[in-house]
Amino acid sequence: MAPVTNPFVYGEIVTAEAFADRETERDRLRRDLESGQKVFLISPRRYGKSSLVRDVLRSLARDGVITVEVTVAASSSYVGFLESYARALVAAETPVSRVRQWAADLLKAVRPEVRLEMPPTGDPSLRLAFPSVRSSRDAARLATAVFALPGKIAATRKQRLAIALDEFQAVASFDEGGVEHALRAAVQEQRAVGYVFAGSEPTLMERIISAKRPFYKAGPVIRLQRIEPAVFADWLERRFKASGLRPEPGLGLAIVELAGNVPYDVQRLAHETWDDVHDAGRRAATLDDLHATLTRLLSEQHAVFEESWQRLTLAQRAALRALVLEEGREMLSSDVRAKHRLSGPSSVQAALGALVKQDVVMKDGPVYVVTDSLFREWVARKTF
Ligand SMILES: Nc1ncnc2c1ncn2[C@@H]1O[C@H](COP(=O)(O)OP(=O)(O)OP(=O)(O)O)[C@@H](O)[C@H]1O
Ligand SMILES: [Mg+2]
């Protein structure tokens with residue numbers, strides 16, 4: 001019998017059968033990219049933006065669209081970003097034998113240094129650098145050339161392109177807004193190129209598309225929501241069954257709820273529970289197993305969580321504990337404040353603001369939720 005592998009995956013981009021639901025979002029994003037729209041995809045962290053984007057790009061690539069994916073936040077400078085973006089564009093579906101010439105032709109105005117590195121193992125990779133860029137005026141000129149590339153590539157190859165700029169909120173840290181102007185001006189000319197700008201810090205992303213900023217009304221905005229709990233739960237149970245473990249009725253929903261229905265946390269809890277049951281050589285996964293796994297995870301993380309807790313001020317600890325017990329609702333009301341002995345609304349507000357800023361807590365509409373569902377459980381069980 002072939003060894004059975006854990007069907008739940010977290011901490012990396014998931015596609016194909018490890019990817020649940022998102023049918024509507026998939027169709028919509030695909031259609032928008034195909035028709036050359038400039039789409040903004042926004043959600044809190046770990047909701048599944050990158051996975052959704054990867055899934056859609058793959059399906060477009062199968063239909064002959066040239067696809068390019070770049071993580072903006074991976075670059076430490078504006079020029080570094082331009083280099084990695086240019087490299088990804090030039091290399092996209094270009095045979096190795098032609099990539100050097102192609103890069104030189106496309107970018108001749110900005111005098112690139114092009115090298116093809118052939119490691120003894122693995123695939124050859126293209127290195128692109130722009131040593132002549134010294135001043136910010138040079139960088140602006142380079143940006144204009146790089147941002148025009150997708151249009152040139154589409155025209156030369158007579159193919160459509162779909163480009164994903166992931167962690168797009170990081171552009172705000174480059175070069176005071178000049179990037180947004182240059183990029184917006186370039187993309188709006190490119191009818192054959194669809195773009196998706198995906199970003200995880202809702203506030204930063206919301207600011208980028210707000211009035212007075214270059215990307216205001218540049219295209220449709222998709223705000224990725226949580227997966228419907230019943231759908232996610234059903235998917236989990238089917239994955240348990242298909243991998244040979246019989247889930248106790250209600251297990252799927254219990255996982256979704258304990259994990260705060262954040263896709264990453266859901267997969268983590270499912271993965272760890274599956275492992276524990278499988279390692280014990282059993283064929284059924286029960287609610288007790290789930291709770292045993294949760295207890296194990298909490299004790300493994302105890303030191304880390306304790307440190308996070310110690311870092312908070314007393315007012316923040318009190319607000320956090322109240323928030324966990326009240327499930328984040330009505331945090332400023334006099335009832336909640338009296339019940340948990342919190343001080344006046346403005347200092348509670350300040351404490352909540354500080355927790356949000358430290359990414360311990362996030363806002364989901366009017367409700368506050370702890371970003372990490374394990375930390376939430378830890379606070380509920382281990383603090384007073
Ligand atoms: N549709 C899905 N079905 C099942 N699990 C998913 C789905 N989308 C995301 N996940 C889970 O969530 C994790 C995080 O997904 P992903 O990296 O795509 O999110 P993200 O929104 O891009 O996160 P970040 O904001 O950190 O970049 C994945 O590793 C996977 O475990
Ligand atoms: Mg991501």
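Residues numbered from 1 in each chain as written. Chains lettered and ligands numbered in written order. Predicted model: local features only at pLDDT ≥ 70, side-chain atom pairs only at ≥ 80, totals over all residues.

### Regarding the overall build of the protein
Part 1: Scanning the protein from terminus to terminus reveals 16 helices and 11 strands.
Part 2: Principal axes of the C-alpha set define a box for the protein whose edges measure 65 × 60 × 40 Å.
Part 3: The proportion of buried residues among the 384 residues of the protein is 39%.
Part 4: A separation of at least 24 residues holds for 71% of the contacts in the protein among residues at least 6 apart in sequence. (Helix = DSSP H or I, 4+ residues; strand = E, 2+ residues; numbered from the N terminus. Buried ≥ 20, exposed ≤ 12 C-beta atoms within 10 Å, placed from the backbone. Contact = placed C-beta atoms within 7 Å.)

### A word on the site of ligand 1
Part 1: Lining the immediate environment of ligand 1, one finds 22 residues, of which Gly-48, Ser-50, Ser-51, Ser-200 and Pro-263 sit closest.
Part 2: Listed by contribution, the elements that provide at least two residues to the shell around ligand 1 are helix H2 (49-62) and helix H10 (263-279).
Part 3: Looking at which domains feed residues into the shell around ligand 1, each of domain 1 (22-223) and domain 2 (229-300) supplies at least three. (Near = placed C-beta within 6 Å. Domains from an automatic or database assignment.)

### A look at the environment of Ala-198
Part 1: Within the secondary structure, Ala-198 sits in strand E6 (residues 193-199).
Part 2: Taking the C-beta count within 10 Å as the criterion, Ala-198 has 26 such neighbours and is therefore assigned buried.
Part 3: Sequence-wise, Ala-198 and Val-39 are 159 residues apart; in three dimensions their C-alpha atoms are separated by 8.3 Å.
Part 4: Not counting residues up to four positions away in its chain, the partners in contact with Ala-198 are Leu-41, Lys-49, Ser-50, Val-53, Ala-164, Asp-166 and Phe-168.

### Considering helix H16 (residues 373-382)
Part 1: With seven of 10 residues buried, H16 is to be regarded as a mostly interior element.
Part 2: Among the residues of H16, Ser-373, Leu-374, Phe-375, Arg-376, Glu-377, Trp-378 and Val-379 are the ones counted as buried.
Part 3: On its buried face, H16 sits against helix H9 (251-258), H10, helix H11 (287-300), helix H12 (302-311), helix H13 (314-325) and strand E11 (367-370).

### A look at the environment of Leu-82
Part 1: Tracing the backbone shows Leu-82 in helix H3 (residues 78-91).
Part 2: As a C-alpha pair, Leu-82 and Leu-57 span 25 residues in sequence and 21 Å in three-dimensional space.
Part 3: Among residues more than four places away in sequence, those in contact with Leu-82 are Leu-142, Ala-143 and Val-146.

### A word on the packing of H3 against helix H5 (residues 136-157)
Working note: a packed helix pair is described by the angle between its axes plus the distance between those axes.
Part 1: In the contact formed by H3 and H5, the axes pass within 10 Å of each other and the chain directions differ by 20 degrees. Between H3 and H5, the angle is such that the two are roughly parallel. You can see that H3 and H5 cross each other, and the crossing is left-handed. Within the contact between the two elements, H3 uses Tyr-78, Val-79, Leu-82, Tyr-85, Ala-86 and Leu-89 and H5 uses Ala-139, Leu-142, Ala-143, Val-146, Leu-149, Pro-150 and Ile-153. (Axes fitted to C-alpha atoms, helices over the stretch in contact; angles between N-to-C directions. Parallel < 35°, antiparallel > 145°, perpendicular 65-115°, else oblique. Left-handed = near helix turned anticlockwise from the far one by under 90°.)

### Here we look at the packing of H9 against H10
Part 1: Contact geometry for H9 and H10: axes closest at 8 Å, N-to-C directions at 130 degrees. In terms of their interaxial angle, H9 and H10 are classed as oblique. The hand of the H9/H10 crossing is right-handed. Contacts between H9 and H10 involve Ile-255, Val-256 and Leu-258 from the former and Val-266, Leu-269 and Ala-270 from the latter.
Part 2: Of the residues belonging to the contact of H9 with H10, the class tally is six nonpolar, no polar and no charged. (Nonpolar A, V, L, I, M, F, W, Y, C, P; charged D, E, K, R; others polar.)

### Overview of H13
Part 1: Between its terminal C-alpha atoms H13 stretches 17 Å, which fits the 16 Å expected from 12 residues at 1.5 Å a residue.
Part 2: Those residues of H13 that are buried are in contact with helix H14 (334-339), helix H15 (345-357), strand E10 (361-364), E11 and H16. (Expected span 1.5 Å × (residues − 1).)

### Thoughts on the domain arrangement of the protein
Part 1: Here the protein is partitioned into domain 1 (22-223), domain 2 (229-300) and domain 3 (302-382).
Part 2: A separation of 27 Å is found between the C-alpha centroids of domain 2 and domain 3.
Part 3: Taken residue by residue, the interface counts nine residues in domain 2 and seven residues in domain 3.
Part 4: Element by element, the count of residues in the side of domain 2 that touches domain 3 is highest for H11, at four residues.
Part 5: Partitioned by chemical class, the residues of the side of domain 2 that touches domain 3 number six nonpolar, two polar and one charged.

### Brief notes about the sheet that holds strand E7 (residues 221-223)
Part 1: With respect to topology, five strands assemble into an open sheet ordered E2-E5-E6-E1-E7, the strand pairing being parallel. Each having just a single partner strand, strand E2 (66-71) and E7 make up the two edges of the open sheet. Each strand of the sheet is rotated relative to its neighbour by a mean of 15 degrees, with strand direction disregarded.
Part 2: Where strand E5 (residues 161-166) and E6 come together, five bridges link them in parallel fashion. Looking at E6, one finds that Ile-163 is bridged to Tyr-195.
Part 3: On top of the sheet, helix H1 (residues 23-34) reaches strand E1 (38-42), E5, E6 and E7; it is set at about 135 degrees to E6, its chief contact. (Pairing = 2+ DSSP bridges.)

### Quick word on the nonpolar core
For soluble globular proteins, the rule of thumb is that nonpolar side chains tend to be buried together.
Part 1: Residues Leu-82, Ala-86 and Val-196 are the most contacted members of the largest nonpolar core, which totals 60 residues.
Part 2: The greatest single-element share of this core, amounting to eight residues, is contributed by H3.
Part 3: Those residues in contact with Ala-86, other than ones at most four positions away along the chain, are Leu-107, Leu-128, Val-146 and Leu-149.
Part 4: One finds Ala-233, Phe-240, Val-277 and Ala-285 within the second-largest nonpolar core, a separate group that totals 23 residues. (Core = buried A, V, L, I, M, F, W, Y, C linked by C-beta atoms within 7 Å.)

### Re unusual backbone geometry
Residues apart from glycine generally show negative phi values, whereas peptide bonds are mostly found in trans.
Part 1: In this structure, Glu-93 takes a positive phi of about 50 degrees despite not being glycine.
Part 2: In this structure, Glu-93 sits in the loop between H3 and helix H4 (96-106).
Part 3: Among the residues examined, Glu-93 registers 14 C-beta atoms within 10 Å and is labelled partly exposed.
Part 4: Positioned with a positive phi, Asn-261 is a non-glycine residue whose angle comes to about 50 degrees.
Part 5: Following the sequence through the fold, Asn-261 ends up in the loop between H9 and H10.
Part 6: Residue class for Asn-261 comes out buried when judged on the 21 C-beta atoms lying within 10 Å of it.

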